[in-house]
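Residue-level listing of the chains:
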Amino acid sequence: MHDAIVVGSGPNGLGAAIELAHQVRWGPLTAVFVLVSAWWVKWPLFAAAGACCDATKRRWLPMAAVCAAAAGATAEILTVVLKHFTDRARPPLADPSIQALVGIPDSTSLPSGHAAAAFAAATAVGMFHPRLRVPLYALAAMVALSRVYLGVHFWSDVLVGSLLGVAIGFATARFFRRDQAEPPPRGRN
């Protein structure tokens, strides 16, 4: 039973963790998860938060927002490519007893594009504005959790997507910040 919780699904059904997520379905919680699973939360909301923070620092170019958009878009593209190499059915297709609470996407289940994009954008903005890391990661975690709760992903799908997103967000932020490093001090002649 412990293996099912770690893996998130078994060959003939769902693991205990995903079954628990489906047993705790509750109207108000479902409404919250449908909201955080919306397309504009995946990464545009994170980019908007970055733009607001950039504005408070009076930057002429909202670097955190641009970086978040680039990281989110990169995560979206990479997950689409990776889905072409996986053949993992969505939970309702793998186990007919599972009812999805939203439309089932046509793509395969692994990795979660929502989780990847949310964590990529959250990491990117967090690299520019460290004080926002905790709330950004909390929102990204809610996006990832919503996909399991709504019945369109397994736990391992969102875990892989989340880790992929963090890596993409970190790499993208490093790329964007490379020009912001202070120039080396000039030697005296």
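Treat the numbers as computed from the prediction; the structure is a model and nothing was measured.

Regarding the overall build of the protein chain
Assigned secondary structure in the protein chain consists of ten helices and two strands. Put simply, the protein chain has 189 residues, and 44% of those count as buried. Contacts spanning at least 24 positions in sequence make up 78% of the contacts within the protein chain whose residues lie at least 6 apart.

Section: a nonpolar patch on the surface
On the surface, Ile77, Leu78, Val81, Leu82 and Phe85 cluster together into a nonpolar patch covering about 480 Å² of accessible area. The exposure class assigned to Leu78 is partly exposed, which follows from its relative accessible area of 31%.

Topic: the confidence of the model for the protein chain
Do not read the fine detail of predicted coordinates wherever pLDDT is low. The predicted model of the protein chain averages 85 in pLDDT, with 83% of residues at 70 or higher. The least confident element of the protein chain is helix α1 (residues 2-7), whose mean pLDDT is 33; the most confident is helix α8 (residues 113-128), at 97. In this model, residues 1-14 is a region of pLDDT below 50 whose contacts with residues beyond four sequence positions or in other chains number 21 contacts.

Remarks on the nonpolar core
Most often, soluble globular proteins keep nonpolar side chains buried together rather than apart. Core analysis: the biggest nonpolar cluster contains 23 residues, and Phe46, Leu136 and Ala140 have the highest contact counts within it. Elements represented by at least two residues in this core include exactly α3 (27-36), α5 (44-56), α8 and α9 (133-149). With residues near it in sequence (within four places) discarded, Leu136 still touches Phe46, Ala122, Val125 and Gly126. Within the second largest apolar cluster, 15 residues are counted, among which are Met63, Ala64, Ile168 and Phe176.

Quick notes on the pattern of salt bridges
In the structure shown here, the tally under the stated rule is two salt bridges. Here Lys42 ties to Glu76 by a salt bridge, and the two come within 2.9 Å at their closest N and O atoms. Of this pair, Lys42 sits in helix α4 (residues 39-42) while Glu76 sits in helix α6 (residues 63-83), placing them 34 residues apart in sequence. Residues Arg88 and Asp157 are paired through a salt bridge, measuring 2.8 Å at the closest nitrogen-oxygen approach.

Regarding the environment of Leu35
Along the chain, Leu35 falls in helix α3. Not counting residues within four places of it along the chain, the set of residues in contact with Leu35 comprises Trp40 and Val41.

Quick word on the packing of aromatic side chains
With the rule as written, the count across this model stands at three aromatic pairs. Arranged with centres 4.8 Å apart and planes meeting at 55°, the rings of Phe33 and Tyr149 form a pair that is tilted. Of this pair, Phe33 sits in helix α3 while Tyr149 sits in helix α9, and the two are 116 residues apart along the sequence. Since its relative accessible area comes to 5%, Phe33 is described here as buried. For the ring pair Phe175 and Phe176, a centre distance of 5.8 Å and an interplane angle of 80° mean the geometry is edge-to-face. Owing to a relative accessible area of 48%, Phe175 belongs among the partly exposed residues under this scheme.

Criteria and thresholds
- Just so you know, the residues in each chain are numbered from 1, in the order the chain's sequence is written.
- It should be noted that, the model being predicted, local features are given only for residues of pLDDT at least 70 and side-chain atom pairs only at 80 or more, the latter also being counted only at that level, while totals for whole chains, interfaces and linings use all residues.
- With hydrogens and water set aside, each side-chain value is computed from the structure's full complement of heavy atoms.
- By definition, any uninterrupted DSSP run of H or I lasting at least four residues is a helix, any uninterrupted run of E lasting at least two residues is a strand, and each is numbered from the N terminus.
- Burial status follows relative accessibility: with a 1.4 Å probe on protein chains alone, a residue under 20% of its type maximum counts as buried, one over 50% as exposed, and anything between as partly exposed.
- The contact criterion used throughout is that any non-hydrogen atoms of two residues lie within 4.5 Å.
- Patch membership needs two things, relative accessible area over 30% and no salt bridge, and members are linked within 9 Å if like-charged or within 5 Å if nonpolar (Val, Leu, Ile, Met, Phe, Trp, Tyr).
- Computed by Shrake-Rupley with a 1.4 Å probe, the accessible areas treat only the displayed protein chains as cover when residues are assessed.
- Any carboxyl oxygen of Asp or Glu within 4 Å of a side-chain nitrogen of Lys or Arg constitutes a salt bridge here.
- pLDDT is a residue-level measure of predictor confidence that goes from 0 to 100.
- Among the buried residues, those of types Ala, Val, Leu, Ile, Met, Phe, Trp, Tyr and Cys that are joined through side-chain atoms within 4.5 Å form a nonpolar core.
- To pair, rings of Phe, Tyr and Trp, with the six-membered ring standing in for Trp, must have centres within 6.5 Å; the planes then decide the type, stacked if under 30 degrees apart, edge-to-face if over 60, and tilted in the middle.

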